[in-house]
Structures are given as structure tokens and as C-alpha cells.
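Listed here are the chains, written in short residue letters.
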Amino acid sequence: MKLLTKNHMSQRRLIEILRVIEGAGIPVGARAISDILCSRGYDLGERAVRYNLKILDELGFTRKKGYSGRVITSLGSRELSDALIDDRIGFVNTRIEEYMYKSNFDPCSGQGQVIANTSIVDKADAEEVLDMLGRAFDQGYTISRRALILDEGDAISTLKVPAGSLGLVTVCSITMDGILMKKGIAVLTSFAGLAKIKEKQPIEFTDLIAYAGSSLDPVKVFMGRKVTSVANAIRLGSGRVLANVREIPVAAAGHALELLEASRSAGFGGLIKVGGPAEPILGCPVAAGKIGIAFYAGVNGTVAAEEMGARMKTLPISMLVDYSRMTDLDRP
């Protein structure tokens, strides 16, 4: 297989682009490919897609069709059919680990880069969205009140804000995993799920997806299914919100609790529970020799706004941002 001459990450990107082109059934351009890849959990900008398309053209797997875009060739179809079924298995965990490694937020100093979610919001709905973000934090259902707001035409990393929109960058709960990792604590992001809320208290996970072996971000899967009721949890005290669980060694429990307290002092919230050795959290299993730590997902505020009809698109775990660039949202 020709793609095996490429390194593994490059091979994965090329295969995913081939899958997008084949699935489209019509000629497709770089921008459309980039948008589809982002929705599948791949942070690959239009420029990077164009570079990879040139490689696929040279390999004979794709060809240009006028100005309409690329189509897959018969050779490309055979290559795709030969690709390993598990090509993307474990990709999400790998991506999370890369972000954890690159983040460097220090809860004691309050400085450094945090892992962030990004949203594109219709300007007409911006006030409602920002209000909901603040309310979600007040109820404890998200990680931080801080956000970075970008105007139309502004850009950061791979995000460029289109006309008539605002860009919204919020703190992702995986930042907590990065904090633990940077302080020498081995951490495994194990599950994401829907947490049932009753009388403002978490009762149990009603659905769980393991990060290990997943080809899609579980949080993104739940968002796509539209099975949350975060707005109800915020307004009425009952609903289903997004949350995730990470596991750390029992021996690191004391150190972890100190870091969590320092993070709270730095303005971080969203902690649900720190379990005991091998103790399930809200019904989520925890391995022997480990303790589980559950946090509400950082996207709960934006998910609640979307439930209320706000026109927006949110991508979890999408970039790193300097925490000092983010500011506290005004309280409702």
C-alpha cells in the first residue's frame, strides 16, 4: 500500500481525506473537506488540506475536476478499501494526550495555555449565548467563566470568524487533565457521558462512551445526537448534562486534591466528585488501583444556548489559548 510509505499521522490524514471525497459523491473542494474533517474531530485547516490533496494527486488517488474540486480515482478507491478498519481507533485519546502535553497552565500562578473549545456564533444570538455561559458556570455545570470573544474577520489558530458572526473560545475540561499531567500525575481520560441532574444534583450517568478505541470525540457524539437537556438543568434544576471521567493512581490522590483546590482558587469549577479506590462515579466504572475524578464538560454552556435556539457551531478540544487572553464574562 503506497500510503504506508508515509508516517502514520500523514497516512491517517490522507485516508480521512479520501474518505471525505468518496463519501461526497461529487467533486469537493478543500474548504468543504476541512469543514467535514473538523466535524469528525480532525483539526485540519484548508491550507493543510490543499497540501495533502497535492500528495493524493501525485499518488494517483485523486484528480481535479475543473474548478469544482477533487474526485477519487479507481486507484484511490482500491487504496481506501485496503486501509485498515482500525486506522482511527484510539485517535481521540492520542489527540487528547497531545493537547495535554502541550498545555502548560499553572493553577498556582494562574498563567499558561489552556485547552479550549471554539464556537462560531451568529451575532444576533451573541447576548443570549454569553448569558447562558455565565448561568451555566454559576450552576456549576462548566469549567470556567472566562472566555475569549473574537469579532468577525478575527483569527486565532485555525479559527477565522466569518462575517455576521462572533468567535467564542471557552475552557475545555481536558485542561484539568493537562494540569495533573504537568505535575507528574499519570492521568487517563476514560469516559464521557450524559449525567442525569435532579434537584440540581448529579444522580447517575445514563449513557457512557469510552475514549479508548473511539474514532470520534464522545462529547461531540452526544452533541450531535442532541440528547442533552442542559438548559433545563440550568433553569429548572433537572436535566441531562455532559460530563467526563478521568482516572489517576490511588497513590496520587493527595497531590491531585491539592491541585484541584489550587485550580478552584484560580477560577476553575465544574468538579462533580473525586472517588475512592476503584469506586464507580455516578455508575461509571473505575479500574482497580485507580480513583476517578468527574468534571462537567466545558461545552455545557454553549450546548445549553444551542438548545434554546441560538445559531452556532461548537467544536470541542480544538486549540490551545493563553489564559491571560481570556476575560471573565459579566454576571447575568
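Quick caveat: nothing in here was measured; it's all calculated off a predicted structure.

Thresholds applied
Residues numbered from 1 in each chain as written. Predicted model: local features only at pLDDT ≥ 70, side-chain atom pairs only at ≥ 80, totals over all residues. Heavy atoms only, no water. Pairing = 2+ DSSP bridges. Helix = DSSP H or I, 4+ residues; strand = E, 2+ residues; numbered from the N terminus. Axes fitted to C-alpha atoms, helices over the stretch in contact; angles between N-to-C directions. Buried < 20%, exposed > 50% of the residue type's maximum accessible area, 1.4 Å probe, protein only. Arc of directions from axis to C-beta. Core = buried A, V, L, I, M, F, W, Y, C linked by side-chain atoms within 4.5 Å. Polar contact = N/O pair within 3.5 Å; in protein donor to acceptor, adjacent residues only side chain to side chain. Contact = heavy atoms within 4.5 Å. pLDDT = per-residue confidence, 0-100. Salt bridge = Lys/Arg side-chain N within 4 Å of Asp/Glu carboxyl O. Parallel < 35°, antiparallel > 145°, perpendicular 65-115°, else oblique. Left-handed = near helix turned anticlockwise from the far one by under 90°. Nonpolar A, V, L, I, M, F, W, Y, C, P; charged D, E, K, R; others polar.

**A look at the sheet that holds strand S11 (residues 271-274)**
- Spatially, S9-S8-S10-S12-S11 is the arrangement adopted by the five strands of the open sheet, whose pairing is antiparallel. The open sheet has two free edges, formed respectively by strand S9 (201-210) and S11, since each of these has just one partner strand. For this sheet, the mean angle separating the axes of adjacent strands, direction not counted, is 30°.
- Here strand S10 (residues 239-249) runs beside strand S12 (residues 290-296); their pairing, made up of seven bridges, is antiparallel. Across the sheet, residue glutamate 247 finds its bridge partner in S12, namely glycine 292.

**Regarding helix H2 (residues 30-39)**
- Here H2 has its buried residues at Ala30, Ile33, Ser34, Leu37 and Cys38. Along H2, the residues classed as buried sweep out an arc of 135° about the axis, all on the same side.

**Overview of the nonpolar core**
- In this structure, Leu242 and Ile248 are the most contacted members of the largest nonpolar core, which totals 79 residues.
- With 19 residues, the next largest nonpolar core counts Ile15, Val28, Ile33 and Leu56 among its residues.

**Considerations on the side chain of aspartate 177**
- Within the secondary structure, aspartate 177 sits in helix H7 (residues 174-182).
- For aspartate 177, a relative accessible area of 0% gives the class buried.
- Reaching out from aspartate 177, the side chain makes a polar contact with the side chain of threonine 189 at a distance of 2.7 Å.
- Aside from chain neighbours lying at most four places away, what touches aspartate 177 is Met100, Val187, Thr189 and Arg246.

**Looking at the confidence of the model for the chain**
- Summary statistics for the chain give a mean pLDDT of 89 and a share of 92% for residues scoring 70 or more.
- Note that residues 1-8 has pLDDT below 50 and, in this model, 19 contacts with residues that lie over four places away or in other chains.

**Topic: the side chain of serine 34**
- Within the fold, serine 34 resides in helix H2.
- Apart from the residues lying within four places of it in its own chain, the contact partners of serine 34 are Leu44, Gly45, Glu46 and Val49.

**Looking at the sheet that holds strand S13 (residues 312-322)**
- Read from one edge to the other, the open sheet built from five strands follows the order S13-S3-S7-S4-S14, with strand pairing classed as antiparallel. The open sheet terminates on both sides in strands that have one partner only, identified here as S13 and strand S14 (327-328).
- Bridge count between strand S3 (residues 113-122) and strand S7 (residues 165-171): seven bridges; the pairing is antiparallel. Following the sheet pairing, isoleucine 120 is matched in S7 by glycine 167.

**What to know about the environment of glycine 184**
- Its place among the elements puts glycine 184 in the loop between H7 and strand S8 (188-198).
- In sequence terms glycine 184 and arginine 246 are 62 residues apart; their C-alpha atoms lie 15 Å from each other.

**With respect to the pattern of salt bridges**
- Taken as a whole and judged by the stated rule, the model has 17 salt bridges.
- Close ionic contact of aspartate 122 with arginine 311 constitutes a salt bridge, the shortest N to O distance being 3.9 Å. Highlighted residues: aspartate 122 in strand S3 and arginine 311 in the loop between helix H11 (300-307) and S13, separated in sequence by 189 residues.
- Since its relative accessible area comes to 25%, aspartate 122 is described here as partly exposed.
- Residue class for arginine 311 comes out partly exposed when judged on its relative accessible area of 47%.
- Two residues, aspartate 131 and arginine 135, come together in a salt bridge whose shortest N-O distance is 3.8 Å. Taken together, the residues aspartate 131 and arginine 135, both in helix H6 (residues 126-138) and four residues apart, mark about one turn of the helix.
- With relative accessibility at 29%, the residue aspartate 131 sits in the partly exposed group.

**Digging into the packing of H2 against helix H3 (residues 46-59)**
- The geometry of H2 relative to H3 is characterised by a closest axis approach of 8 Å and an angle of 110° between their N-to-C directions. Taken together, the axes of H2 and H3 are roughly perpendicular relative to one another. Of the two possible hands of crossing, H2 and H3 adopt the one that is right-handed. Residues Ala30, Arg31, Ile33, Ser34 and Leu37 of H2 form the contact with H3, whose own contacting residues are Glu46, Val49, Arg50 and Leu53.
- Grouping the amino acids of the contact of H2 with H3 by side-chain chemistry returns five nonpolar, one polar and three charged.

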